[in-house]
Amino acid sequence: MRYNVAVVGATGAVGEELFRVMEEVNFPINTLLPLASANSVGKTIEFKKEEYSVVELTPDVFEKYEIDIAFFSAGGSISAAFAKYAVEAGAVVIDNTSHFRMEPNIPLVVPEVNPEDIELWRETGIIANPNCSTIQMVLALKPLDDLYDIKRVDVSTYQATSGAGKIGMEELVTQMQDFFAFKLDETKKEAFMHQIALNVIPHIDTPQSNGFTKEEMKMVNETQKIMKKQMAIAATCVRVPVLRSHSEAITIRFADGVDIDLDQVRSSLENFEDVVVVDDLENGIYPMPIISTDTDDTYVGRIRKDIYESNVLHIFNAADQVRVGAATNAIRIGLKWIELQKEEI
């Protein structure tokens, strides 16, 4: 079977990546419909050496083109306004925004971690894609939780400028150019509150009343929902002057009495789908954005036991958040959804 597929936000960074990933995995497409605002009409998208004209997103476009699968990646307000029309037209919506993630009747899915939740799509017609930092973290946490039973997670993120979209990457490049031109004091600050070049900013998304940011609380709430477990989680999310791929330093506390066996830890991670262990400190081999960018794997390394407590583990990961943290995860959800439809025939 082949499916009529729409991509909402076709001209954005995640939209463009969705087309790349669909082409790489040979997604079973019958017709492809790039959708965006009226401002983008007239632009074209290249897919499998063919050009597709961008069509304006309207309430009736999903029914008009008989869409089966609609990927949304144009911002929460767009999903809030238009996802219902795709569902009413008979499509399944796979939403890349934060708008639906914590709705109790909408599944929040990382296919390697909780594929069974995809079946819940029938209730609303919508499947939510988690936050990018959440996705790469739960990919590392799931096999370890199965092994030892996680009780608490403390994570610090090192998030690339691409997490703020094209404008974020462009701002980093412009500021570095201004630095070398001795004009950094004149540089524009639009994507980020502070200068990002040669700096780190421990502030992503809006502050919350508890002292954490919205991004940090996303990691807490989404991880608990995906893993179906009220484990204690604390996050500190930091923007760093990297173009692409997020990294995370994670400390994991297991159940009391656990004496971590590092060989078992490495084996559980190595055998988990789409996780790659790179862990040779002496030879300078460990996860970094430069190795994860443009890949579909989550890299895990710097695996070590705490020097004080036998049930505490420290790891470091890196993943391309535009792919693993957005487009690739959405496409994997789509492929799993297709498998489910085939099983029911």
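All of the points below concern the structure found in this document. Note that the structure is predicted; figures quoted are calculated from it, not measured. (Residues numbered from 1 in each chain as written. Predicted model: local features only at pLDDT ≥ 70, side-chain atom pairs only at ≥ 80, totals over all residues. Heavy atoms only, no water.)

### As for the overall build of the chain
Step number 1: Check the secondary structure of the chain and you find nine helices and 14 strands.
Step number 2: Relative to its length of 345 residues, the chain is compact, with a C-alpha radius of gyration of 21 Å against a globular reference of 20 Å.
Step number 3: Seen through its principal axes, the chain has C-alpha atoms that stretch 65 × 60 × 40 Å.
Step number 4: Counting over 345 residues, the chain shows a buried share of 52%.
Step number 5: Working note: accessible area of the chain is about 15500 Å², and carbon and sulfur atoms make up 49% of it. (Helix = DSSP H or I, 4+ residues; strand = E, 2+ residues; numbered from the N terminus. Rg over C-alpha atoms; globule rule 2.2 N^0.38 Å. Buried < 20%, exposed > 50% of the residue type's maximum accessible area, 1.4 Å probe, protein only. Areas by Shrake-Rupley, 256 points an atom, 1.4 Å probe, with all protein chains shown as cover.)

### Some points on the state of the cysteines
Step number 1: Scanning the entire structure with this criterion turns up zero disulfides.
Step number 2: With no disulfide of its own, Cys-132 has Cys-237 as its nearest cysteine by sulfur position, at a separation of 8.9 Å. (Disulfide = S-S within 2.5 Å.)

### A word on the pattern of salt bridges
Step number 1: Counted by the stated rule, this structure contains 24 salt bridges.
Step number 2: Across the salt bridge formed by Lys-218 and Asp-205, the nearest N and O atoms sit 3.3 Å from each other. With a gap of 13 residues between them, Lys-218 in helix H6 (residues 214-227) and Asp-205 in the loop between helix H5 (166-180) and H6 connect regions that are remote in the sequence.
Step number 3: According to the relative accessible area criterion, Lys-218 is buried, its value standing at 15%.
Step number 4: Here Asp-320 and Arg-244 are joined by a salt bridge, their closest N and O atoms 2.9 Å apart. Note that Asp-320 is positioned in the loop between strand S14 (312-319) and helix H9 (323-344) and Arg-244 in the loop between strand S10 (232-239) and strand S11 (246-254), a separation of 76 residues in sequence. Comparing Asp-320 with Arg-244, the two get one shared label, buried.
Step number 5: A network of salt bridges, in which partner residues are shared, links Glu-17, Arg-20, Glu-24, Arg-244, Asp-294, Asp-296, Asp-320 and Arg-323. (Salt bridge = Lys/Arg side-chain N within 4 Å of Asp/Glu carboxyl O.)

### Quick look at the environment of Ala-160
Step number 1: By the element assignment, Ala-160 lies in the loop between strand S9 (150-159) and H5.
Step number 2: Along the sequence, Ala-160 and Arg-122 sit 38 residues apart, while their C-alpha atoms lie 35 Å from each other.
Step number 3: With residues near it in sequence (within four places) discarded, Ala-160 still touches Arg-239, Val-240, Val-242, Leu-243, Arg-244, Ser-245, His-246 and Gln-321. (Contact = heavy atoms within 4.5 Å.)

### Here we look at the nonpolar core
Step number 1: If you look at the biggest cluster of nonpolar residues, it comprises 60 residues, and the most contacted ones within it are Phe-62, Phe-72, Leu-144, Ile-252, Phe-254, Leu-313 and Ile-315.
Step number 2: At eight residues, helix H4 (residues 132-148) tops the list of elements feeding residues into this core.
Step number 3: Setting aside residues up to four positions removed in sequence, Ile-315 forms contacts with Ala-140, Leu-144, Glu-248, Ala-249, Ile-250, Ile-252, Val-300, Gly-301, Arg-302, Ile-303 and Arg-304.
Step number 4: Counting residues in hydrophobic clusters, the runner-up holds 30 residues, among them Phe-47, Ile-127, Ala-330 and Ile-331. (Core = buried A, V, L, I, M, F, W, Y, C linked by side-chain atoms within 4.5 Å.)

### A short note on the packing of aromatic side chains
Step number 1: Following the criterion strictly, the structure yields nine aromatic pairs and no others.
Step number 2: With a centroid separation of 5.5 Å and an interplanar angle of 80°, the aromatic rings of Trp-121 and Trp-337 are classed as edge-to-face. Of the two residues, Trp-121 is situated in the loop between strand S7 (92-95) and strand S8 (126-128) and Trp-337 in helix H9; the sequence distance between them amounts to 216 residues.
Step number 3: For Trp-121, a relative accessible area of 15% translates into the label buried.
Step number 4: Exposure remark for Trp-337: the relative accessible area of 6% places this residue in the buried category.
Step number 5: With a centroid separation of 5.0 Å and an interplanar angle of 75°, the aromatic rings of Phe-179 and Phe-180 are classed as edge-to-face.
Step number 6: One aromatic cluster in this structure is built from Tyr-3, Trp-121 and Trp-337. (Phe/Tyr/Trp six-rings, centres within 6.5 Å; stacked < 30°, edge-to-face > 60°.)

### Some words on the pairing of strand S1 (residues 3-8)
Step number 1: Among the six residues in S1, six count as buried, and that is most of the element.
Step number 2: Here S1 shows two buried faces, one formed by Tyr-3, Val-5 and Val-7 and the other by Asn-4, Ala-6 and Val-8.
Step number 3: Pairing of S1 with strand S2 (residues 29-36) involves six bridges; the strand directions are parallel. Across the sheet, Val-8 pairs through a bridge with Leu-35, a residue of S2.
Step number 4: In terms of handedness, the path from S1 via helix H1 (residues 13-25) over to S2 forms a crossover that is right-handed.
Step number 5: In terms of strand pairing, S1 meets strand S6 (residues 69-72) through four bridges, oriented parallel. By the bridge assignment for S6, Val-8 is matched with Phe-72. (Pairing = 2+ DSSP bridges. Right-handed = clockwise from strand over helix to strand, strands pointing away.)

### Focus: the pairing of S9
Step number 1: Bridge count between S9 and S11: eight bridges; the pairing is antiparallel. Along S11, the bridge assignment pairs Val-153 with Ile-252.
Step number 2: As paired strands, S9 and S10 are joined by eight bridges and run parallel to one another. Following the sheet pairing, Arg-152 is matched in S10 by Ala-232.

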